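Take a look at the letters that make up each chain.
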Amino acid sequence: MKKIYCIRHGLALHNVLFKVIGNHAYSEKYIDTPLVDEGICQAERLGLKWKEKNNIQIVFVSPLTRTIETALNIFKDIKVKIVAVEEIIEFSQGKEYCNLRKNKSVLKEKYPMIDFSLIEETPKYWNTERRETLEELNFRDGIFKKILCERNEKKIAIVSHSTYLKQFLFNYVDSVDESKQLKHCYPYEKNLLAEKVTKSI
């Protein structure tokens, strides 16, 4: 049985902007938003107090800036492989530009410590014409679960996004309302085969 620890990224720029300018925070002006200072602090605090961190054998991270920055700040004092996976990128892949990642070549240059071998040069699931559907989200979630099942590691961390992680953890997405999202930088534990989810601090 695999123990999976699911972590939402720290507070990001679009999370802050949404409270001020609403849906304009998802416009083309704010592509692939980074963490704000509080988000960096959230990740660093988790890295200091999370007891299971030192037992993690591999980290899978969404290839968006805010998740990469979160993973690097949580695991900065230990040596663990961090692998970018396209399938765990945020929903929706379309229209909400904070969810549009940079090209692989740009990411590799900026974050040479991350393994980007599993992603393509350009965003795989992004659609400029329409929003991604829930069926499409479920499809890529299935691909990622297959990847996990094929791994030998028993203790795995996933650093991703609230909406994707709700699909992964609970098999449904009830709302994209920020007030109903998962906590920033808080580990939710899942036994992959038993489908059991608990909080883990």
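## Section: the pairing of strand β2 (residues 58–61)
And then number 1: Residues I58 and F60 line one face of β2 and the alternating positions V59 and V61 line the opposite face, and both faces are buried.
And then number 2: Where β2 lies against strand β3 (residues 81–84), four bridges are found, and the strand directions are parallel. If you follow V59 over to β3, its bridge partner there is I82.
And then number 3: After leaving β2, the chain enters helix α3 (residues 65–74) and then returns to the sheet as β3, a path that is right-handed.
And then number 4: Pairing of β2 with strand β4 (residues 155–160) involves four bridges; the strand directions are parallel. Its bridge partner lying in β4, V61 is registered against V159.

## Considering the packing of aromatic side chains
And then number 1: In this structure the tally under the stated criterion is nine aromatic pairs.
And then number 2: Between the aromatic rings of F60 and F144, the centroid separation amounts to 5.7 Å while the plane-to-plane angle is 85°, which identifies the pairing as edge-to-face. Here F60 is found in strand β2, whereas its partner F144 is found in helix α5 (residues 134–149), with 84 residues between them in sequence.
And then number 3: Ring-pair connections join several aromatic residues into one group, and the members of that group are F60, F144, Y164 and F168.

Conventions we followed
- Residues numbered from 1 in each chain as written.
- Predicted model: local features only at pLDDT ≥ 70, side-chain atom pairs only at ≥ 80, totals over all residues.
- Heavy atoms only, no water.
- Buried < 20%, exposed > 50% of the residue type's maximum accessible area, 1.4 Å probe, protein only.
- Helix = DSSP H or I, 4+ residues; strand = E, 2+ residues; numbered from the N terminus.
- Pairing = 2+ DSSP bridges.
- Right-handed = clockwise from strand over helix to strand, strands pointing away.
- Phe/Tyr/Trp six-rings, centres within 6.5 Å; stacked < 30°, edge-to-face > 60°.

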